[in-house]
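# Residue-level structural notes
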Amino acid sequence: MRETRPAGGEGMGKVVGRFAPTPSGRMHLGNLFSCLLAWLSARAQGGRIILRMEDLDTQRTSRAYGEQIMRDLELLGLDWDEGPYWQSERGEYYQERLKELQSLGVVYKCFCSRAELHGAANPANAPHVADGDYIYSGKCRGLDEARIAELERRRSPALRLAVYGMESFTDRHYGYMEQDLPRECGDFILRRSDGVFAYQLAVAADDGAMGVTEVVRGRDLLSSTPRQLQLYRLWGIDPPEFAHIPLLLASDGRRLSKRDGDVSLDALGERFSPEEITGRLACLAGQLDRPEPVRAGELVKGFSWEKVPKEDILLPEGFLG
Ligand code: GLU
């Protein structure tokens, strides 16, 4: 039997949503779309919002971007009740959570190089992938102590979770999902060989510790969810509810990226008022019939998940003016 204990944090029994941006550049429309929906969903249920900066990768992220994100959120009227928390400051906590997993005997050292991991042995078009674009073969899972000691003299290992079984959940927006972790995902990384904790460990540890009850985020993270559920299960923490949302695509079908200056708030803010940007996003989210200027707060009362589209959303040509 799975033993559960409620996640910590204040406001038990109440909805706690979160913004979890990665401060690696100025926010783009897709990031804002996620934040708007996370905020509306929590506020429509009378819930609270936590802000957490996912700046584990200190090479790619910065405080300055984090501070800019806070100004952008404030500008759009997307306020929060707690935080910001900075993941880069929470290493000790992740270490504790890792130790808990180690004590269960489900963590092992992996010495595979990048080249080996991306080698031909890995299925190319796997539907769900663990650490980017491969399913780990489990090669280092059975190494004996002597071999580990020998390899450790040459290289620092990454730490992987030995996954087992199926994980399933009912996404609020996309419905029932299940994943056979060993087959469709493979053992995944908890801590990289350079000591940086992996997204999967940090995000589940934090959502658990911060008492998050509702995770609203892009559909691109749908296939990460079973891995996070496995971590919750091992820690004995009740998982939050998940509501994944469609992605915004550029008019040529590409995923939006922070490198696309045309959809960053930098460029948008010069041409549109915050209310116009919110109105356009709300329209894409099915909450308004026409992209009229609006404050986020005015959308709370009529907010409905039913109206949020399921298909990815192609930004209409000329959408940005
Ligand atoms: N930090 C992630 C991002 O900016 C979001 C992670 C999550 O919502 O779980 O894409």
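Definitions and limits used
- Position numbers for residues count from 1 along each chain, tracking the sequence in the order it is written.
- Only residues with pLDDT of 70 or above have their local features reported here, since the model is predicted, and side-chain atom pairs are shown and tallied only from 80 upward, although totals for entire chains, interfaces and linings are computed over all residues.
- Where side-chain values are given, they derive from all heavy atoms of the structure, hydrogens and water being excluded.
- By convention in these notes, a residue is near a molecule or strand provided one of its non-hydrogen atoms lies within 4 Å of it.
- Pairs of N or O atoms are called polar contacts if they sit within 3.5 Å, as long as, within protein, a hydrogen donor faces a hydrogen acceptor (for residues adjacent in sequence, only side-chain-to-side-chain pairs).
- Surface accessibility follows the Shrake-Rupley procedure with a 1.4 Å probe radius. Residue values consider only the protein chains on display as shielding.
- Any residue that is not Ala, Val, Leu, Ile, Met, Phe, Trp, Tyr, Cys, Pro, Asp, Glu, Lys or Arg is counted as polar, Gly included; the first ten are nonpolar and the last four charged.
- Any two strands with at least two DSSP bridges between them are considered paired.
- Helix numbers and strand numbers start at the N terminus; a helix is a DSSP run of H or I with at least 4 residues, a strand a run of E with at least 2.
- Each axis is a line fitted through C-alpha atoms, taken for helices only over the stretch in contact, and angles between the N-to-C directions span 0 to 180 degrees.
- Two residues form a contact once any of their heavy atoms are found within 4.5 Å.
- By convention in this document, the label disulfide applies to cysteine sulfur atom pairs within 2.5 Å.
- By convention, a stacked pair of Phe, Tyr or Trp rings (six-membered ring in the case of Trp) has centres within 6.5 Å and planes under 30 degrees apart, an edge-to-face pair has planes over 60 apart, and any other such pair is tilted.
- Relative accessibility decides the category of a residue: with a 1.4 Å probe and only protein chains considered, values under 20% of the type maximum give buried, values over 50% give exposed, and everything between is partly exposed.
- Over a ring means this: the NZ of a Lys or the CZ of an Arg is within 6 Å of the ring centre and within 35 degrees of the ring normal.
- A residue's pLDDT is the confidence the predictor assigns to it, expressed on a 0 to 100 scale.
- Between 65 and 115 degrees an angle is taken as roughly perpendicular, under 35 as roughly parallel, over 145 as roughly antiparallel, and anywhere else as oblique.

## A closer look at the site of the ligand
What surrounds the ligand is the set Arg 18, Ala 20, Pro 21, Thr 22, Glu 54, Tyr 199, Val 203, Arg 217 and Leu 221. Contact between the ligand and Thr 22: a nitrogen atom at 2.8 Å from a side-chain N or O atom of the residue. Within the side chain of Tyr 199, a nitrogen or oxygen atom sits 2.7 Å from an oxygen atom of the ligand. For the ligand, whose free accessible area comes to 300 Å², the fraction covered by protein is 78%. In terms of residue class, the shell around the ligand is built from five nonpolar, one polar and three charged.

## Thoughts on the sheet that holds strand S4 (residues 107-110)
With respect to topology, three strands assemble into an open sheet ordered S4-S5-S8, the strand pairing being antiparallel. The open sheet is flanked by S4 and strand S8 (188-191), the only strands paired with a single partner. When the angles between neighbouring strand axes are averaged without regard to direction, this sheet yields 45°. Helix-sheet contacts for helix H3 (residues 91-103) involve S4, strand S5 (158-161) and S8, and the interaxial angle to S8 is about 130°.

## Points about the state of the cysteines
Taken as a whole and judged by the stated rule, the model has zero disulfides. Between Cys 110, a free cysteine, and Cys 112, which holds the nearest cysteine sulfur, the sulfur-to-sulfur gap is 4.0 Å.

## Describing the packing of aromatic side chains
For the coordinates displayed, the defined rule picks out four aromatic pairs. Taking the centre distance of 5.9 Å and the plane angle of 70° together, the rings of Phe 169 and Phe 242 count as edge-to-face. Here Phe 169 is found in strand S6 (residues 166-171), whereas its partner Phe 242 is found in strand S10 (residues 241-245), with 73 residues between them in sequence. A single burial state applies to Phe 169 and to Phe 242, both of which are buried. Taken together, Tyr 93, Tyr 94 and Phe 197 form an aromatic cluster joined through their ring pairs. The ring of Tyr 85 has Arg 90 lying over it, and the distance from NZ or CZ to the ring centre is 5.9 Å. Positioned over the ring face of Trp 235 is Arg 97, at 5.3 Å from the centre of the ring.

## Topic: the confidence of the model for the protein
The predicted structure's coordinates, where accompanied by low pLDDT, should not be read in detail. Here the protein averages 89 in pLDDT, and 88% of its residues register 70 or above. Contacts of residues 1-12 to residues separated by more than four positions or lying in other chains number 27 contacts, the stretch itself having pLDDT below 50. pLDDT under 50 marks residues 124-130. Its contacts with residues more than four places away, or in other chains, come to twelve contacts.

## Focus: the packing of helix H1 (residues 29-44) against helix H10 (residues 274-284)
For the pair H1 and H10, the least separation of the axes is 10 Å and the interaxial angle reads 75°. The angle between the axes of H1 and H10 places the two elements in the roughly perpendicular class. The residues of H10 that touch H1, namely those facing Leu 29, Leu 32, Phe 33 and Leu 36, are Ile 277, Thr 278, Leu 281, Ala 282 and Leu 284. Its residues assigned to classes, the contact of H1 with H10 comprises eight nonpolar, one polar and no charged.

## Observations regarding the pairing of strand S7 (residues 175-180)
The pairing of S6 with S7 spans six bridges and is classified as antiparallel. Residue pairing for S7: Thr 170 is matched across the bridge by Tyr 176. As consecutive antiparallel partners, S6 and S7 are separated by three residues.

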